[in-house]
Amino acid sequence: LFFHALRALALAPPQALLVITAGGAIGLAGFPLGARLAESAGRRRAFLVSSALFAAGSLGYFGAPRFAGDPVWPFAAAFAALAPGGNAATTAFRSLAIESVPAERRGALTGALAVAGAVGWIVSMLAVAGLAHWFASIGAAVAVLVATAVPAAVALVSIVPETRGGAFKELPLERAFADAA
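Residues numbered from 1 in each chain as written. Predicted model: local features only at pLDDT ≥ 70, side-chain atom pairs only at ≥ 80, totals over all residues. Heavy atoms only, no water.

### Regarding the side chain of T91
Residue position: T91 is located in helix α5 (residues 72-98). Among residues more than four places away in sequence, those in contact with T91 are F31, G34 and A35. (Helix = DSSP H or I, 4+ residues; strand = E, 2+ residues; numbered from the N terminus. Contact = heavy atoms within 4.5 Å.)

Here's what the structure looks like:
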């Protein structure tokens, strides 16, 4: 992200660092935002809305040089959507996925989701690099990935049941703590 800001957007290193750092700080708000949205609107809807924010931010981030002569503000705005959108989508999807399996499998699923996230990041970077070479444009590469990711996200949440509002199932461990108190 930083090198794209330097090379493609021709930002000075202090500008790029400031925008990336500020965007990252703003991105932290995505975690509680995703959790709140998952609780109020439902896990599936929260995942789709925050994924759309991430996709729009990604397109704007990599397309910022085409939108304005001075890309600092479009770049900053796009990154301010990309970072919290991605974090909110991660939170909402993990809530949805974890609540979709029995309690005794949630720890293993949490670990698997963390590994899948890391592998997914690597695969997406390789895909962007390959497509950017193919199209001679990182913006076109991101557009292709967004165009495939959006239908994939919709398909994914259509097969996973909504878990918001489900009844809490008392587990033996919680019962043991309640009895001890």
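### Topic: the pattern of salt bridges
Per the stated rule, a full pass over the model turns up 2 salt bridges. The shortest N-O distance in the salt bridge between R43 and E39 comes to 3.3 Å. Across the pair R43 and E99 runs a salt bridge, and its minimum N-O distance is 2.8 Å. Here R43, found in helix α4 (residues 43-67), pairs with E99, found in the loop between α5 and α6 (106-135); they are 56 residues apart in sequence, far enough to count as distant. Judged by its relative accessible area of 31%, E99 falls in the partly exposed class. Several salt bridges share partner residues, and in doing so they unite E39, R43 and E99 into one network. (Salt bridge = Lys/Arg side-chain N within 4 Å of Asp/Glu carboxyl O. Buried < 20%, exposed > 50% of the residue type's maximum accessible area, 1.4 Å probe, protein only.)

### Brief notes about unusual backbone geometry
For A136, which is not glycine, the phi dihedral falls at a positive 60°. Mapping A136 onto the fold places it in the loop between α6 and α7 (138-159). Residue A136 is classed as exposed on the basis of its relative accessible area, which comes to 70%.

### Concerning the layout of surface pockets
The computed volume of the largest pocket comes to approximately 1,600 Å³. Lining the largest pocket we find 43 residues, and of these F54, G86, G120, W121 and S124 sit closest to its centre. Only α1 (2-7), α2 (13-28), α4, α5, α6 and α7 provide two or more residues apiece to the lining of the largest pocket. For the lining of the largest pocket, the leading source of residues is α7, giving 11 residues. Its residues placed into classes, the lining of the largest pocket shows 30 nonpolar, 12 polar and 1 charged. (1 Å grid on protein atoms, 1.4 Å probe; cavity = no way out; pocket = protein on both sides within 12 Å on 5 of 7 lines; lining within 4 Å. Points joined across faces, edges and corners; volume = space filled by probe spheres on them. Nonpolar A, V, L, I, M, F, W, Y, C, P; charged D, E, K, R; others polar.)

### As for the nonpolar core
Judged by nonpolar contacts, the single largest core of 20 residues is most densely connected at A5, L9, L11, Y61, F75, F79 and V142. Breaking this core down by element, the ones donating at least two residues are α2, α4, α5, α6 and α7. Of the residues forming this core, the biggest block, 6 residues, is contributed by α5. In terms of nonpolar packing, the next biggest core, distinct from the first, is built from 12 residues, A89, F93, L96 and V160 among them. (Core = buried A, V, L, I, M, F, W, Y, C linked by side-chain atoms within 4.5 Å.)

### Quick look at a nonpolar patch on the surface
Nonpolar side chains collect at one region of the surface, where L48, V150 and V154 lie side by side and expose about 210 Å² of accessible area between them. You can see L48 is positioned in helix α4. Judged by its relative accessible area of 30%, L48 is partly exposed. (Patch = residues over 30% accessible without salt bridge, like charges linked within 9 Å, V, L, I, M, F, W, Y side chains within 5 Å. Areas by Shrake-Rupley, 256 points an atom, 1.4 Å probe, with all protein chains shown as cover.)

### Here we look at α7
Relative to the 32 Å expected for 22 residues at 1.5 Å per residue, α7 spans 32 Å between its end C-alpha atoms, a close match to the ideal helical length. Three or more residues of α7 are buried, namely G139, A141, V142, V146, A153 and V157. The distance from a side-chain oxygen at the start of α7 to the backbone nitrogen of G139 is 3.3 Å, and the residue carrying that oxygen is S137. (Expected span 1.5 Å × (residues − 1). Polar contact = N/O pair within 3.5 Å; in protein donor to acceptor, adjacent residues only side chain to side chain.)

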